[in-house]
Amino acid sequence: MCKFISFIKGMAALIVCLLVSATASADDWWFDEDNIMSSGELNYAVDVNAKAARCVGLKEGSTATVITVPAKVTLSGTVYDVVSIGYAAFFETELTEVHLLSPSIELNDGAFPPTLQSLYLSAVEPPTVYELPFTTSYMSGNMLKVYVPEGCAEKYFASSEAWAFCVIIEGQEQALD
């Protein structure tokens, strides 16, 4: 009987570990990273069921230094909400300025390059931030300027430690000029 109880406890621990592991990586599984689609200068992976797109970087050969990631993108005739900037999406680029137009977006680890100087966000609520999406401040010592809608700076600073290494400037009308 004692061996049976030990076996059940071991199985329960294994199930919990598997569930935690699945939860930790749940963010990535639905985006088809093997089927990349392009629009303009940008590449996207999509979740066809949720009609959601993750921006995964620049098209091969692009030398863009300024980009705008739209709130919605049409790929192969289907409109997708852009909900995420992928892991290391722009890390190996020379981007200096990025405009994110989505009202709700996730920023993944290493998403932006050390060359980034200005990030413009339309989101009133701060994006979900995973790890350190901004390498600018950490690698080059330069403070990234982040432009947010009027009255949102406190929300951004309170939402993640990643914003502590940025200069946050309020007033979206300044950001889109």
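Residues numbered from 1 in each chain as written. Predicted model: local features only at pLDDT ≥ 70, side-chain atom pairs only at ≥ 80, totals over all residues. Heavy atoms only, no water.

**Student:** Looking at this model, I keep getting lost on the packing of aromatic side chains. Mind explaining?
**Tutor:** Here the distance between the centres and the angle between the planes together describe a pair of aromatic rings. A full pass over the atoms with the stated rule returns 5 aromatic pairs. Ring centres of Phe-90 and Phe-112 lie 6.2 Å apart, and the angle between their planes is 20 degrees; this geometry places the pair in the stacked category. Of this pair, Phe-90 sits in the loop between strand S6 (78–85) and strand S7 (97–100) while Phe-112 is found in the loop between strand S8 (106–107) and strand S9 (118–121), placing the two residues 22 residues apart along the sequence. Each of the two residues, Phe-90 as well as Phe-112, counts as buried. Where Phe-134 meets Trp-163, the ring centres are 5.0 Å apart and the plane angle is 50 degrees; that geometry is what we call tilted. Separated by 29 residues along the polypeptide, Phe-134 in the loop between strand S10 (128–129) and helix H3 (136–140) and Trp-163 in the loop between helix H4 (153–159) and strand S12 (166–170) bring together distant segments of the chain. Assessed through its relative accessible area of 1%, Phe-134 is described here as buried. The exposure class assigned to Trp-163 is buried, which follows from its relative accessible area of 0%. (Phe/Tyr/Trp six-rings, centres within 6.5 Å; stacked < 30°, edge-to-face > 60°. Helix = DSSP H or I, 4+ residues; strand = E, 2+ residues; numbered from the N terminus. Buried < 20%, exposed > 50% of the residue type's maximum accessible area, 1.4 Å probe, protein only.)

**Student:** Help me understand the environment of Glu-131, please; the structure alone is not making it clear to me.
**Tutor:** Summarising the element assignment, Glu-131 is placed in the loop between S10 and H3. The class of Glu-131 is exposed, set by a relative accessible area of 62%. With 24 residues separating them in the primary sequence, Glu-131 and Leu-107 have C-alpha atoms 8.9 Å apart. Those residues within four positions of Glu-131 in sequence are excluded, and the remaining contacts are Asp-109 and Ala-162. (Contact = heavy atoms within 4.5 Å.)

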